Amino acid sequence: MEVKNISIIIPCYNESENLTEIINKCQLITHNHNDLNIEFVLVDNGSTDNSLEILTKKKYSNIKIVHIIKNIGYGNGIIQGLKLASNSILSWTHADLQTDISDVILGLKFIKNDFTLIKGKRIKRPFFPKLLSIGMSMYTYLVLGIWVNEINAQPKIFTKTFFEDVVDNAPLDFSLDLYFCINALKKGNVIEFPVYFKKRIFGEAKGGGGSISQRFKIIKRTITFINEFKP
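This is a predicted model, so every value here is computed, not measured.

> Help me understand the overall build of the protein in this model?
Within the protein, the secondary structure is distributed over eight helices and seven strands. The C-alpha atoms of the protein give 17 Å as radius of gyration, which agrees with the globular expectation for 231 residues (17 Å, within 12%). The C-alpha extent of the protein, read off along each of the three principal axes, is 50 × 40 × 35 Å. A burial count over the protein gives 52% of its 231 residues as buried. Taking all contacts inside the protein whose residues are at least 6 apart in sequence as the whole, residues at least 24 apart take part in 79%. With the model as given, the accessible surface of the protein reaches about 11600 Å², and the carbon-plus-sulfur share is 55%. Charged side chains in the protein number 29 positive and 22 negative. The centres of these two groups are separated by 4 Å.

> Please clarify how the pattern of salt bridges should be interpreted in this entry.
Side-chain pairing between opposite charges can occur once the charged atoms of the two side chains come close. Evaluated as defined, the whole model comprises eight salt bridges. For Glu-150, the salt bridge identified is with Arg-125, shortest N-O distance 3.1 Å. You can see Glu-150 sitting in the loop between α5 (127-144) and β6 (156-159) and its partner Arg-125 sitting in the loop between β5 (117-123) and α5, a full 25 residues away along the chain. Note on accessibility: Glu-150 and Arg-125 belong to one class, buried. A salt bridge links Lys-156 to Asp-177; its shortest N-O distance comes to 2.7 Å. You can see Lys-156 sitting in strand β6 and its partner Asp-177 sitting in helix α7 (residues 176-187), a full 21 residues away along the chain. The buried category is assigned to Asp-177, whose relative accessible area is 1%. Each of Glu-21, Lys-25, Asp-100 and Lys-198 takes part in a single network of salt bridges with overlapping partners.

> Whenever I open this one, the sheet that holds strand β3 (residues 63-68) confuses me. Can you help?
Strand pairing in a sheet relies on backbone hydrogen bonds. The paired strands run either parallel or antiparallel. Taken together, the seven strands give an open sheet; going across it, the order is β3-β2-β1-β4-β6-β5-β7, and neighbouring strands pair in mixed fashion. For this open sheet the edge positions go to β3 and β7 (190-196), each flanked by a neighbour on one side alone. Neighbour to neighbour, the strand axes of the sheet diverge by 20° on average, direction disregarded. In this sheet, strand β2 (residues 37-45) lies alongside strand β1 (residues 5-12) in parallel orientation, the contact comprising eight bridges. Residue pairing across strands places Ile-10 opposite Leu-42, the latter belonging to β2. Together, β1, β2 and β3 form the strand contacts of helix α1 (residues 16-32), whose direction differs from that of β2 by roughly 165°. Strand contacts of α7: β4 (89-92), β5, β6 and β7, with the helix running at about 125° to β5, the strand carrying the most contacts.

> Mind showing me how you'd approach the packing of aromatic side chains here?
Inspection of every chain in the model, using the stated rule, returns 10 aromatic pairs. Between Tyr-74 and Phe-174, the ring centres sit 4.3 Å apart and the planes meet at 5°, which makes this aromatic pair stacked. With a gap of 100 residues between them, Tyr-74 in helix α3 (residues 74-83) and Phe-174 in the loop between α6 (160-166) and α7 connect regions that are remote in the sequence. A residue is classified by how much of its surface remains accessible, and Phe-174, at 22% relative accessible area, is partly exposed. Plain terms: the ring middles of Tyr-179 and Phe-225 are 6.4 Å apart, the flat faces sit at 70° to each other, and that makes the pair edge-to-face. Of the two residues, Tyr-179 is situated in helix α7 and Phe-225 in helix α8 (residues 212-229); the sequence distance between them amounts to 46 residues. Like Tyr-179, the residue Phe-225 is buried in the burial classification. Clustering of aromatic rings is evident, with ring pairs tying together Trp-92, Phe-158, Phe-162, Tyr-179, Phe-180 and Phe-225. Sitting over the face of the ring of Phe-197, Arg-122 holds its NZ or CZ atom 5.3 Å from the ring centroid.

Reading the values: the criteria
Every chain is numbered on its own, with residues counted from 1 as its sequence reads. With pLDDT at 70 or above as the cut-off, local features in this predicted model cover only qualifying residues; side-chain atom pairs require 80 or more to be listed or tallied, and sums for whole chains, interfaces and linings still use all residues. As a rule here, side-chain values cover all heavy atoms of the structure and leave hydrogens and water aside. What counts as a helix is a DSSP run of H or I of at least four residues, what counts as a strand is a run of E of at least two, and both are numbered from the N terminus. The atom set for the radius of gyration is the C-alpha atoms, and the globule formula is 2.2 Å times the number of residues raised to the power 0.38. Residue exposure (1.4 Å probe, protein chains only): buried if accessible area is under 20% of the type maximum, exposed if over 50%, otherwise partly exposed. When checking whether two residues touch, look at their non-hydrogen atoms; a contact exists if any pair is within 4.5 Å. Areas reported here follow the Shrake-Rupley algorithm with a probe of radius 1.4 Å; residue values treat only the protein chains shown as occluding. We treat Lys and Arg as the positive residues and Asp and Glu as the negative residues; His and chain ends play no part in the count. Every charge is mapped onto a representative atom, which is NZ of Lys, CZ of Arg, CG of Asp or CD of Glu. When a carboxyl oxygen of Asp or Glu is within 4 Å of a side-chain nitrogen of Lys or Arg, the pair counts as a salt bridge. Any two strands between which DSSP finds at least two bridges are classified as paired. Comment: axis = line fitted to C-alpha atoms, over the contacting stretch for helices; angle = value between 0 and 180 degrees taken between N-to-C directions. Stacked, edge-to-face and tilted are the three classes for Phe, Tyr and Trp ring pairs, Trp counted by its six-membered ring, which pair at centre distances within 6.5 Å; planes under 30 degrees apart are stacked, over 60 edge-to-face, the rest tilted. Only when the NZ of Lys or the CZ of Arg is both within 6 Å of the ring centre and within 35 degrees of the ring normal is a charge said to sit over the ring.

The quantities given are spatial measurements derived from coordinates; they are silent on function.
Written out as structure tokens, the structure is:
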């Protein structure tokens, strides 16, 4: 399947220190891949810092800015960005730059005519975070009978048709990653490709990549979601 266009959604919550680098990366990716129609959708997901000021300081032809007044969840920021995306192939990744935005372009070569979801598989991760990821995959399998590897790894790449099929019941928090993976596995298949997981340079982790207490908060919510998702 030859891909000619893609929209890349990047949810940003209090990422002001990273935004200049993110914008520069978006422009560089566009320049290096001028054979593709690449649209970036940067979502200011209710930031309380000066993120919106940075995002709107200058206009770019290939970057849309979405402003959400109040943050009601990581998933909501992504969903609002996806709803405004123009292209037939959609994706999202994180603003923390721990996984490179250009990984989305690398993932395109794994797309086949019958693909459902392409996602990253983080390599060279520290032992403890990797152990927690395996534990969540095991729990998902025990409850749902579905093995979901590297649930929160980015990027996620899929069609607009798939998004429209599953968006109505999509959770608005960090469970969105698991929700997409489970639905993709039920509808077809999930193809993974290796991505390097880097250390965060600026800002603080907002979810599973943060402190131990943050990690366990995400795990608790994910377990609740898995139990609710069970038929």
